[in-house]
Amino acid sequence: MNYQTISFEVKEKLAWVTINRPRKLNALNAEVINELQDVFHQIKNNESIGAVILTGSENKAFAAGADIEELTALNTQTGKEKMLKGQNLFNLIENLGKPVLAAINGFALGGGCELALACTIRLAAETAKMGQPEVNLGIIPGYGGTQRLSRLVGKGRALELILTGAIIDAREAYRIGLVNQVYPAEQLLTETEKLARQIISKAPLAVKAALEAVNQGINLPLNEGLHLEANLFALLCNTRDMKEGLAAFLGKRQPSFQGK
């Protein structure tokens, strides 16, 4: 597929996906959503890709939100359809089976913040700004923000951000646990790639199982989550990667994982 609003490339098992609408501050219009849906399906089915970095073009925005012009045409039916389509994409990203690292290089507002929330890990430039300002438009977050934000930073902080429409800087986002790390803008992509490649060096099946255990288990009662964890652990015991990892440890060498 020839993408018009995003760029996509793979370098040594690491996929780079960049939203590329700089004149619109990388706002998430229908075309962006469709193209992201397509590219993440490709990534999910490509066994050679071990991790993804998702970012925005230039330095002003990761994704400044939904495209306001599209919102003006919505009614009850089309509004629900649009939100469900976005939620479907963000669920795909969250449950990709591979880590997706958000390199938040500028504004991540509204749908852009929700996109970051769907990612596995969020790293921000010092210049980044984040928030869910939908109440200022007479709406609420619809791409999962009311659900993921509260699970990530807690009910009270999530409600404060959503109800006030406040926009916070990267340091405050780090303080409340919205982002994992903050870097000078010029170091953001380098540091994000460093972390991504550290994860890629680990056993792929173990990474996938860990993602599933956390993503699914967080919504389960503790005893059910523990049962899920034990089942996933048991499945890994029959993999070549486990045998290779143990042999490498005992032999005091670096493991060579094959994802089998």
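Residues numbered from 1 in each chain as written. Predicted model: local features only at pLDDT ≥ 70, side-chain atom pairs only at ≥ 80, totals over all residues. Heavy atoms only, no water.

Draft legend 1. Local environment of the overall build of the protein. Broken down by element type, the protein carries eleven helices and ten strands. The dimensions of the protein, computed from C-alpha atoms along their principal axes, are 60 × 40 × 35 Å. Taken over 260 residues, the protein has a buried fraction of 44%. Sequence-distant contacts, at least 24 apart, represent 69% of the contacts inside the protein between residues at least 6 apart. When the accessible area of the protein is evaluated, it comes to approximately 13,900 Å², of which 54% is carbon and sulfur surface. (Helix = DSSP H or I, 4+ residues; strand = E, 2+ residues; numbered from the N terminus. Buried < 20%, exposed > 50% of the residue type's maximum accessible area, 1.4 Å probe, protein only. Contact = heavy atoms within 4.5 Å. Areas by Shrake-Rupley, 256 points an atom, 1.4 Å probe, with all protein chains shown as cover.)

Draft legend 2. Focus on the sheet that holds strand S2 (residues 14-19). Pairing is mixed in the open sheet, where six strands are placed in the order S1-S2-S3-S5-S7-S10. A single partner strand is all that each edge strand has here, and the edge strands are strand S1 (6-11) and strand S10 (181-183). Each strand axis lies, on average, 20° off the axis of its neighbour in the sheet, ignoring direction. Where strand S3 (residues 51-56) meets strand S5 (residues 100-104), four bridges bridge the pair, whose relative direction is parallel. Among the inter-strand pairings, Ile53 is bridged to a residue of S5, identified as Leu101. Strands in contact with helix H8 (residues 188-200) are S1, S2, S3, S5, strand S7 (121-125) and S10; relative to S5, the strand with the most contacts, it is inclined by about 170°. (Pairing = 2+ DSSP bridges. Axes fitted to C-alpha atoms, helices over the stretch in contact; angles between N-to-C directions.)

Draft legend 3. Representation of the sheet that holds strand S8 (residues 129-131). Pairing within the open sheet is mixed, and its four strands lie in the order S4-S6-S8-S9. Both edges of this open sheet fall to strand S4 (61-63) and strand S9 (167-169), since each of them pairs with a single strand only. For this sheet, the mean inter-axis angle between neighbouring strands, taken without regard to orientation, is 20°. Pairing of S8 with S9 involves three bridges; the strand directions are antiparallel. Paired with Gly131 across the bridge in S9 is Ile167. Against the sheet, helix H4 (residues 111-118) engages S4, strand S6 (107-109) and S8, with an angle of about 90° to S6.

Draft legend 4. A look at the nonpolar core. Core analysis: the biggest nonpolar cluster contains 48 residues, and Leu36, Phe40, Ile104 and Met130 have the highest contact counts within it. It is helix H1 (residues 30-44) that provides the largest number of residues to this core, a total of six residues. Each residue touching Ile104, except ones within four places of it in the same chain, is listed here: Phe62, Ala116, Arg122, Leu123, Ala124, Ala125, Ala128, Met130, Val179 and Leu188. (Core = buried A, V, L, I, M, F, W, Y, C linked by side-chain atoms within 4.5 Å.)

Draft legend 5. Focus on the packing of aromatic side chains. Evaluation of the coordinates by the stated rule reveals one aromatic pair. Judged by centre distance (5.3 Å) and plane angle (70°), the rings of Phe90 and Tyr143 are edge-to-face. With Phe90 in helix H3 (residues 76-94) and Tyr143 in the loop between S8 and helix H5 (145-153), this residue pair connects regions lying 53 residues apart in the sequence. Here the guanidinium or amino end of Lys11 rests over the ring plane of Trp16, the centre of that ring lying 5.8 Å away. (Phe/Tyr/Trp six-rings, centres within 6.5 Å; stacked < 30°, edge-to-face > 60°. Lys NZ or Arg CZ within 6 Å of the ring centre and 35° of its normal.)

Draft legend 6. Quick peek at the side chain of Thr5. Here Thr5 is to be found in the segment before S1. Within polar-contact distance, the side chain of Thr5 engages the side chain of Glu35 at 2.8 Å. Every residue in contact with Thr5, bar those within four places of it in the chain, is listed here: Thr18, Ile19, Asn20, Arg21, Glu31, Val32 and Glu35. (Polar contact = N/O pair within 3.5 Å; in protein donor to acceptor, adjacent residues only side chain to side chain.)

Draft legend 7. Summary view of the pattern of salt bridges. One pass over the structure, following the stated rule, counts ten salt bridges. With a shortest N-O distance of 2.7 Å, Arg253 and Glu244 are connected by a salt bridge. Among the residues examined, Arg253 registers a relative accessible area of 40% and is labelled partly exposed. (Salt bridge = Lys/Arg side-chain N within 4 Å of Asp/Glu carboxyl O.)

Draft legend 8. Focus on the pairing of S1. Pairing of S1 with S2 involves six bridges; the strand directions are antiparallel. Looking across to S2, one finds that Ser7 is bridged to Thr18. Taking the residues between adjacent antiparallel strands as the criterion, S1 and S2 are bridged by two residues, where Glu12 takes a positive phi near 50°.

Draft legend 9. Broad picture of the pairing of S5. The buried fraction of S5 is high, at five of five residues. Side-chain alternation along S5 places Val100, Ala102 and Ile104 on one buried face and Leu101 and Ala103 on a second face that is also buried. With four bridges connecting them, S5 and S7 associate as parallel partners. Looking across to S7, one finds that Ala102 is bridged to Arg122.

Keep in mind that these numbers describe shape and distance, not what the molecule does.
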